[in-house]
Amino acid sequence: MNAFEFMGLLCWIGAAVLVLWMVVDFFKVNITYDENYLLSSLEGHDEITEQEKKHRREREARA
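Computed from a prediction, not measured in an experiment: that's the story for all the values here.

Engineer: Just to check I follow, could you spell out the confidence of the model for the protein chain for this structure?
Structural biologist: For any part of a model where pLDDT is low, the fine detail of the predicted coordinates should not be relied upon. Averaged over all residues, the pLDDT of the protein chain equals 88, while 94% of them reach at least 70. Taking the mean pLDDT of every element in the protein chain, the minimum, 78, falls on helix H2 (residues 35–39) and the maximum, 96, on helix H1 (residues 3–32).

In structure tokens form, the structure reads like this:
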């Protein structure tokens, strides 16, 4: 087995580990959180509201 075959084998093993990690994480998140929470868009609501207030103040200051 030369270096290229060994590196190829390591890449396949790394890819398999990543896929396994993604599958385990999928089930872990699916068990931990409700579907409605995962599909909600409230996570960034506070930041968006602050940005809108900032832009509104800037527009009013220019007018």
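There is more to say, and it comes next.
Engineer: Help me understand the environment of Ile-48 in this model?
Structural biologist: With respect to the secondary-structure elements, Ile-48 resides in helix H3 (residues 45–62). Residue class for Ile-48 comes out partly exposed when judged on its relative accessible area of 46%. Separated by 12 residues in the primary sequence, Ile-48 and Glu-60 have C-alpha atoms spaced 18 Å apart.

Engineer: Got a minute to help me understand the packing of aromatic side chains in this structure?
Structural biologist: Aromatic ring pairs are defined here through the distance separating the ring centres and the angle between the ring planes. Going through the model one piece at a time under the given rule, you end up with one aromatic pair. Ring plane angle 75 degrees and centroid distance 5.1 Å describe the contact between Phe-26 and Phe-27, whose orientation is recorded as edge-to-face. Here Phe-27 falls in the partly exposed class, since its relative accessible area comes to 46%.

Engineer: Would you take a moment to explain a positive patch on the surface for this structure?
Structural biologist: Positive charge collects at one region of the surface, where Lys-53, Lys-54, Arg-56, Arg-57, Arg-59 and Arg-62 lie side by side. Looking at where Lys-53 falls in the secondary structure, it is placed in helix H3.

Engineer: Please clarify how a nonpolar patch on the surface should be interpreted in this entry.
Structural biologist: Together, Met-1, Phe-4, Phe-6, Met-7, Leu-9, Leu-10, Ile-13 and Val-17 make up a nonpolar patch on the protein surface, roughly 880 Å² of accessible area in all. Mapped onto the fold, Leu-9 is located in helix H1. For Leu-9, a relative accessible area of 39% puts it in the partly exposed group.

Engineer: Honestly, H1 in this entry has me stumped. Any pointers?
Structural biologist: Side chains three or four residues apart in an α-helix point the same way, a direct result of the helix having 3.6 residues per turn. The end-to-end C-alpha distance of H1, which contains 30 residues, comes to 43 Å, matching closely the 44 Å that a straight helix rising 1.5 Å per residue would cover. Measuring from the side-chain oxygen of the N-cap residue of H1 to the backbone nitrogen of Phe-4 gives 3.2 Å; that N-cap residue is Asn-2.

What counts as what
Residues numbered from 1 in each chain as written. Predicted model: local features only at pLDDT ≥ 70, side-chain atom pairs only at ≥ 80, totals over all residues. Heavy atoms only, no water. pLDDT = per-residue confidence, 0-100. Helix = DSSP H or I, 4+ residues; strand = E, 2+ residues; numbered from the N terminus. Buried < 20%, exposed > 50% of the residue type's maximum accessible area, 1.4 Å probe, protein only. Phe/Tyr/Trp six-rings, centres within 6.5 Å; stacked < 30°, edge-to-face > 60°. Patch = residues over 30% accessible without salt bridge, like charges linked within 9 Å, V, L, I, M, F, W, Y side chains within 5 Å. Areas by Shrake-Rupley, 256 points an atom, 1.4 Å probe, with all protein chains shown as cover. Salt bridge = Lys/Arg side-chain N within 4 Å of Asp/Glu carboxyl O. Lys, Arg positive; Asp, Glu negative; His and termini not counted. Charge placed at Lys NZ, Arg CZ, Asp CG, Glu CD. Expected span 1.5 Å × (residues − 1). Polar contact = N/O pair within 3.5 Å; in protein donor to acceptor, adjacent residues only side chain to side chain.

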